[in-house]
Amino acid sequence: MLDGKKIVLGVTGGIAVYKAVEIASRLRKLGADVHVIMTRAAKEFVTELTFREITGNPVSSDMFAPVAHYNVEHIALANLADVMLIAPATANVIAKIAHGVADDMLTTTALATVAPIFFAPSMNSNMLSNVATQENIKTLTSRGLHLIEPASGHLACGTSGKGRLPEPCEIVSVIDSFFNEGKSLSGKNVLVTAAGTREPIDPVRYIGNRSSGRMGYALAGEAVSRGASVVLVSGPSSLEAPEGLKEFIKVETAGEMRAAVMSRFRDADIVIKAAAVADYRAKVIAENKIKKNAEEWTLSLEKNPDILKELGEKKRGNQILVGFAAETQNLIENAKAKLEKKNLDFIVANDVTKPNAGFNTETNLIKILSRDGGVEEFPLMKKSDLAKKIFERIEKVMEK
Ligand code: PMT
């Protein structure tokens, strides 16, 4: 998704430097060619070696070191950049760039480049709200530099407020959106659920199912590659989250999944519920491990909320809602009933009795049922290829 894009990552000396390591790693995983410039202060927190290992490129910092890898290094980096990203950006570096000061490799490159510059301020909230910093930020944005707004929360100085560096996935998502504007889903917010939920019985046991998360993760990855801003809400899974997500939320129970989904539903243009949500949960969760004294054990269950049904009831006209139906019998009838009952735009019917289809497999066998009664059948395919087919269908619905 960032294949071959050359990103010069400027890293300045703040406590959030550790997040820059993850930013470099995420950009690299998306295919970007990342070149890191560190200030002297940044090197007090993290060594060059870390960034060199992660990016596979030499790290630049010293203006006067013998030139080993680039001709006139700051000019070469300035010319090579498709984008320059400064994260974290301290008050000091923001001030320097705002005033055209070029006294180290990072500020010199920032002055010399004509590539778009993104900067993510990170500092104590009083430093951030200080008039000098605010004016400097305003100066930079008025000159066309792109501000990545700081987040609020607990700060390293022990206080709370605005000034945190946003999470690496959010920063990478901004860069990803910049390059992927114009793609079929750019500007769209997609919410995907994946994997099974777990309902605790006691501290060591739970009710669960065989969902691995593969289908949902493939859908989230496909949405990212189509330029969408993607939130993935996932039950327990051993898979790595696709790169480029706006948000990755791990949940355990249906209740937690419901809370995560409901709070983000308003902003979503497209919702796909590929998760295998437990329909029931234990009525009482035992405080201690239940002993196996009795020959028989009856567990009382109560119904979990049907998240998809609730979404169907709340759905606005311009939102697209896609469900899955995992069936072992009467595939079409059962899936059709869910399509109607949950007010979906279409449903992906999954015959989970077939070999290499359904739970915990690389491939799947699906039929797409639409509201007009149409049924589109697909042969056994990789879940990543089916994700493409599902998004092709979503884009057709969007055109209507
Ligand atoms: O994760 P994998 O190993 O790749 O497996 C993929 C899959 C088989 C899990 C996936 O393809 C699939 O079929 N997911 C839906 C599984 C399921 O729970 O189906 P269902 O028929 O029970 O539910 C119907 C729909 O309602 C689903 O979209 C489900 O997310 C939703 N639901 C169900 C119950 C509930 N309490 N809340 C819900 O939102």
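Residues numbered from 1 in each chain as written. Predicted model: local features only at pLDDT ≥ 70, side-chain atom pairs only at ≥ 80, totals over all residues. Heavy atoms only, no water.

J.: I tried to follow the overall build of the protein chain on my own but got confused; where do I start?
T.: Counting its secondary structure elements, the protein chain contains 14 helices and 21 strands. C-alpha extents for the protein chain along the principal axes are approximately 75 × 55 × 40 Å. Taking the intrachain contacts of the protein chain between residues at least 6 apart in sequence as the baseline, contacts between residues at least 24 apart amount to 66%. Accessible surface for the protein chain amounts to roughly 19200 Å². Of this, 49% is attributable to carbon and sulfur atoms. Side chains of the protein chain carry 51 positive and 48 negative charges; the gap between the two charge centres is 3 Å. (Helix = DSSP H or I, 4+ residues; strand = E, 2+ residues; numbered from the N terminus. Contact = heavy atoms within 4.5 Å. Areas by Shrake-Rupley, 256 points an atom, 1.4 Å probe, with all protein chains shown as cover. Lys, Arg positive; Asp, Glu negative; His and termini not counted. Charge placed at Lys NZ, Arg CZ, Asp CG, Glu CD.)

J.: Hey, could you run me through the pairing of strand E13 (residues 270-273) in this one?
T.: Both faces of the sheet carry side chains from a regular strand, because those side chains alternate between them. In E13, alternate side chains face the same way, and those of Ile-270 and Ile-272 on one face and Val-271 and Lys-273 on the other are all buried. Bridge count between strand E8 (residues 189-194) and E13: four bridges; the pairing is parallel. Bridge assignment links Thr-193 to a residue of E13, and that residue is Lys-273. Inspection of the sheet shows E13 paired to strand E16 (residues 320-327) by four bridges, in the parallel sense. Within E16, the position partnered with Ile-270 by the bridge is Ile-320. (Buried < 20%, exposed > 50% of the residue type's maximum accessible area, 1.4 Å probe, protein only. Pairing = 2+ DSSP bridges.)

J.: In this structure, what is going on with the pattern of salt bridges? I would like to understand it.
T.: A side chain of one charge can pair with a side chain of the opposite charge when the charged atoms of the two come close. A full pass over the atoms with the stated rule returns 28 salt bridges. For Glu-167, the salt bridge identified is with Arg-164, shortest N-O distance 3.5 Å. The partly exposed category is assigned to Arg-164, whose relative accessible area is 25%. In this structure, Arg-226 engages Glu-222 in a salt bridge whose closest nitrogen and oxygen atoms are separated by 2.6 Å. (Salt bridge = Lys/Arg side-chain N within 4 Å of Asp/Glu carboxyl O.)

J.: Is there a simple way to explain the site of the ligand in this structure?
T.: Looking at the ligand, there are 27 residues lining it, with Ser-211, Ser-212, Lys-338, Asn-350 and Asn-360 nearest. Between the ligand and Arg-214, the relevant distance is 3.3 Å, taken from an oxygen atom to a main-chain nitrogen or oxygen of the residue. Lys-273 places a polar main-chain atom, nitrogen or oxygen, 2.6 Å from an oxygen atom of the ligand. Compared with its free state, where it exposes 770 Å², the ligand has 96% of that area covered by protein. Of all the elements in the fold, those that place two or more residues in the shell around the ligand are helix H10 (214-225), helix H12 (307-314) and E16. Element by element, the count of residues in the shell around the ligand is highest for E16, at four residues. Residue classes in the shell around the ligand are distributed as 12 nonpolar, eight polar and seven charged. (Near = heavy atom within 4 Å. Polar contact = N/O pair within 3.5 Å; in protein donor to acceptor, adjacent residues only side chain to side chain. Nonpolar A, V, L, I, M, F, W, Y, C, P; charged D, E, K, R; others polar.)

J.: Mind showing me how you'd approach the sheet that holds E16 here?
T.: Sheet strands associate in pairs through backbone hydrogen bonding, adopting either a parallel or an antiparallel arrangement. Taken in spatial order, the eight strands line up as E12-E11-E8-E13-E16-E17-E19-E20 in an open sheet, and their pairing is mixed. Two strands close off the open sheet at either side, each with one partner strand: strand E12 (247-250) and strand E20 (375-377). Sheet twist, expressed as the average angle between the axes of neighbouring strands with direction ignored, equals 15°. In terms of strand pairing, strand E19 (residues 366-370) meets E20 through three bridges, oriented antiparallel. Within E20, the residue paired with Lys-367 across the bridge is Glu-377. Helix H11 (residues 254-265) rests against E8, strand E11 (229-234), E12 and E13 of the sheet, and its axis sits at about 170° to E8. (Axes fitted to C-alpha atoms, helices over the stretch in contact; angles between N-to-C directions.)

Shape is all these values report; function is a separate question.
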